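Letter by letter, the chains look like this.
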Amino acid sequence: MKYLFLFICFCCGLQVIAQKDSTIKIDLSLEFRPRSEYRDGFKQLPTDSSAAAFFVSNRSRLNFSIKKQGFQFHTSLQDVRVWGQFGQNSTNGSLSVFEIYGTQRLSNNWKVKLGRQGVELDNGRLFSQANWSQESKAHDGINLIFNSKNLNSELMGFFNQSGENTFGTDYNLAKTNYKTLNIHYLEAKLSKSFTIMTMNAFDGYQSVSNSNTLYVRGTSGGRITYKNKIIEATTSSFYQYGQLQSGQEIASYYINPEVAINTKKIEARLGCEIVSGDDAKNPSTVSNSFQTLYGVAFKFMGHLNYFTQFPKDTKGAGLVNPYLFFAYDLNEKLQIRSDFHLFAIQNNFIVNNELINKYLGFEQDLKMKFKLNDFTSIDAGFSYMIAEKSMEYLKGGSIKYTPVWGFIMITYKPKILSSK
């Protein structure tokens, strides 16, 4: 707390300077987000011996940015913890840096961003900051950005090391994180109604047995979108190729068609996610299991989080996820929402020498959001699943018990300082 107090005093001093120098812009904001959760079937089916879990976690952030003559420095300090995690007298803590980067404007359209930064591309399915997670996601690297009226482009490069090596580039975290990542994202507005997007990403993982070997996986695809005042129709598809960290070749795909209706009060989305998987009936030396990279699954595949890691969560069988999302604004402050999911494996899966039923189950997610004021909101939700026997084979547990999950979350995001 001492260092946080000194940092705020430092920002107040900068505020005084900014008042004297009109070329400096300073922003300081806070975020405090406590969330209570009840889990009884979250991520996996309950059993006869399992007991429901209840806890409270919170995320605290201090966001600071300063701009001057085309340059911006931004940092976001965060503390993430479960209440009681460190005890009353513990000196341990969880203070860390979520983002810290500098952005330099090169011209009216071009700028470059250097440092630790969140990556949010397209709808967040493959690359997302994962805001629902208290920790969120960020990457260390460089991003060359082009923005114009009808064209946006981002070219990113990331190269990871676990320390300042004297020789070589052996990456000690190779089992859990990529060593290299290169992304090109392009979005073009063709007309008032049509937009296209293309994305190519190449992530390289160091071999676990040979530090001099780098296996690179490619993911290429895009999206086409038609949108008018009420209707939005879009389709995205991606193909995955190259090699996995094990050296195995991969050839897989992801498809997501969707139609949405938007009015002043109602939003309805009908779509389907198809994540390719391996055929246990006709096994191959090539992996056909699509992996959803570094995106977010919570808002796409159900709040119970049964399918967040591919191919692990479906044991390589892939997934088909037809969904219907419905949101209604009762007034300017209150929104209610209901999401419906049907889950089925995409390919064949064998148990005891027999093919299992591909249908896995149904999930409904209910959610309410209330805006108390400009910087305070309250979210609450409840989810349940009606699982089939096939879900037991993939996730364990028992379908005798209905998986449920609920939460209440309060978010405070006040702006403390702002100089113009």
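Remember, it's a predicted structure, so these values are computed and weren't measured experimentally.

1. Considering the overall build of the protein
So, step 1. Tallying secondary structure elements over the protein gives 2 helices and 21 strands in all.
So, step 2. Its C-alpha radius of gyration of 23 Å places the protein within 12% of the 22 Å reference for a compact globule of 420 residues.
So, step 3. Summarising its shape, the C-alpha atoms of the protein cover approximately 75 × 55 × 50 Å along the three principal directions.
So, step 4. Looking at the protein residue by residue over its 420 residues, the buried ones come to 44%.
So, step 5. Relative to all contacts within the protein whose residues are 6 or more apart in sequence, the contacts with residues 24 or more apart total 58%.

2. Re the packing of aromatic side chains
So, step 1. Scanning the model with the defined rule gives 20 aromatic pairs in all.
So, step 2. Geometrically, the ring pair formed by Trp132 and Trp405 is edge-to-face, given 6.1 Å between the ring centres and 75 degrees between the ring planes. Separated by 273 residues along the polypeptide, Trp132 in the loop between strand 5 (110–117) and strand 6 (139–147) and Trp405 in strand 20 (residues 404–412) bring together distant segments of the chain. Assigned by exposure class, Trp132 and Trp405 land together as buried.
So, step 3. Measuring from centroid to centroid gives 6.0 Å for Phe298 and Trp405, while their planes differ by 80 degrees, and the two rings are edge-to-face.

3. Some words on the pattern of salt bridges
So, step 1. Summed over all chains, the structure comprises 18 salt bridges.
So, step 2. Put simply, Glu31 and Arg59 hold a salt bridge, and the shortest N to O gap is 2.9 Å. Of the two residues, Glu31 sits in strand 1 (residues 24–40) while Arg59 sits in strand 2 (residues 53–68), which places them 28 residues apart along the sequence.
So, step 3. Exposure remark for Glu31: the relative accessible area of 7% places this residue in the buried category.
So, step 4. Put simply, Arg39 and Glu37 hold a salt bridge, and the shortest N to O gap is 3.1 Å.
So, step 5. The network of salt bridges with common partners includes Glu232, Glu258, Glu267 and Arg269.

4. Topic: the side chain of Glu232
So, step 1. Structurally, Glu232 can be placed in strand 11 (residues 231–242).
So, step 2. Among all residues touching Glu232, those that are not within four sequence positions of it are Thr225, Tyr226, Lys227, Glu258, Val259, Ala260, Asn262 and Arg269.

5. A closer look at unusual backbone geometry
So, step 1. The omega torsion of the bond from Phe310 to Pro311 falls at 10 degrees, within 30 degrees of zero and hence cis.
So, step 2. For Pro311, the position within the fold is in the loop between strand 13 (266–275) and strand 14 (319–329).
So, step 3. Of note, the phi angle at Gln69 is positive, near 50 degrees, even though the residue is not glycine.
So, step 4. Mapping Gln69 onto the fold places it in the loop between strand 2 and strand 3 (71–82).
So, step 5. On the basis of relative accessible area, Gln69 is assigned to the exposed category, the value being 65%.

6. A closer look at the side chain of His139
So, step 1. Note on placement: His139 falls in strand 6.
So, step 2. A polar contact is formed between the side chain of His139 and the side chain of Tyr178, at a distance of 2.7 Å.
So, step 3. Ignoring any residue separated from it by four or fewer positions in sequence, one finds His139 in contact with Gly115, Arg116, Gln117, Val119, Phe158, Tyr178, Leu181 and Tyr294.

7. Describing the environment of Arg269
So, step 1. Mapped onto the elements of the fold, Arg269 is located in strand 13.
So, step 2. For Arg269, a relative accessible area of 19% puts it in the buried group.
So, step 3. Sequence separation between Arg269 and Ile196 is 73 residues; the distance between their C-alpha atoms is 19 Å.
So, step 4. With near-sequence residues (within four places) excluded, Arg269 lies in contact with Glu232, Glu258, Val259, Ala260, Tyr323, Leu324 and Phe325.
So, step 5. In terms of polar contacts, Arg269 uses its side chain to reach the side chain of Glu258, at 2.4 Å.

8. Some points on the nonpolar core
So, step 1. By size, the foremost hydrophobic cluster in this structure holds 47 residues, and its most contacted members are Leu121, Phe127, Ile183, Met199, Phe307, Leu360 and Met391.
So, step 2. Residue assignment for this core shows that the elements contributing at least two residues are strand 7 (151–159), strand 8 (180–189), strand 9 (194–206), strand 19 (376–387), helix 2 (389–395) and strand 20.
So, step 3. Beyond its immediate sequence surroundings of up to four residues, Ile183 is in contact with Leu121, Phe127, Glu154, Leu155, Met156, Phe158, Met199, Asn200 and Ala201.

9. Focus: the environment of Ala268
So, step 1. Within the secondary structure, Ala268 sits in strand 13.
So, step 2. Taking the C-alpha atoms as reference points, Ala268 and Ile231, 37 residues apart in sequence, are found 9.8 Å from one another.
So, step 3. Sequence-distant contacts of Ala268, that is, excluding residues within four places in its chain, are made with Val259, Ala260, Ile261, Phe325 and Phe326.

10. Re the pairing of strand 15 (residues 334–344)
So, step 1. In the sheet, strand 14 pairs with strand 15 via 8 bridges, with the strands oriented antiparallel. If you follow Tyr328 over to strand 15, its bridge partner there is Ile336.
So, step 2. The antiparallel pairing of strand 14 with strand 15 creates a hairpin that spans 4 residues between the two strands.
So, step 3. Examined bridge by bridge, strand 15 and strand 18 (residues 359–373) share 11 bridges and lie antiparallel to one another. The residue bridging Ser338 from the neighbouring strand is Leu366, located in strand 18.

11. Examining the environment of Asn143
So, step 1. Along the chain, Asn143 falls in strand 6.
So, step 2. When the C-alpha atoms of Asn143 and Val119 are compared, they prove to be 9.6 Å apart, with 24 residues separating the residues in sequence.
So, step 3. Not counting the four nearest positions on each side in its chain, Asn143 is found in contact with Lys111, Val112, Lys113, Gln117, Glu154, Leu155 and Met156.
So, step 4. Of note is the side chain of Asn143, whose polar atom sits 2.8 Å from the side chain of Glu154.

Calculation notes
Sequence order as written defines the numbering, with residues in each chain counted from 1. For this predicted model, a pLDDT threshold of at least 70 governs which residues receive local features, and a threshold of 80 or more governs which side-chain atom pairs are given and counted, while totals over whole chains, interfaces and linings are taken from all residues. To get the side-chain values, take all heavy atoms of the structure and skip hydrogens and water. A helix here means a DSSP run of H or I that spans at least four residues, while a strand means a run of E at least two residues long, and both kinds are numbered starting from the N terminus. The globule rule used for comparison is 2.2 Å times the number of residues to the exponent 0.38, while the radius of gyration itself is calculated over C-alpha atoms. Summary of the burial criterion: residues with accessible area below 20% of their type's maximum are buried, those above 50% are exposed, and those between are partly exposed, where the area comes from a 1.4 Å probe applied to protein chains only. The contact definition used throughout considers only heavy atoms, calling two residues in contact when any of these lie within 4.5 Å. The criterion for an aromatic pair is that two Phe, Tyr or Trp rings (for Trp, the six-membered ring) have centres within 6.5 Å, with stacked assigned to planes under 30 degrees apart, edge-to-face to planes over 60 apart and tilted to the rest. For this analysis, a salt bridge means a side-chain nitrogen from Lys or Arg found within 4 Å of a carboxyl oxygen belonging to Asp or Glu. Polar contact is defined as a pair of N or O atoms within 3.5 Å, subject to the rule that within protein one atom must be able to donate a hydrogen and the other to accept it, and that residues adjacent in sequence are counted only when both atoms are side-chain atoms. To form a nonpolar core, buried Ala, Val, Leu, Ile, Met, Phe, Trp, Tyr and Cys residues must be joined to one another through side-chain atoms within 4.5 Å. Criterion used throughout: strands pair if DSSP finds at least two bridges between them.

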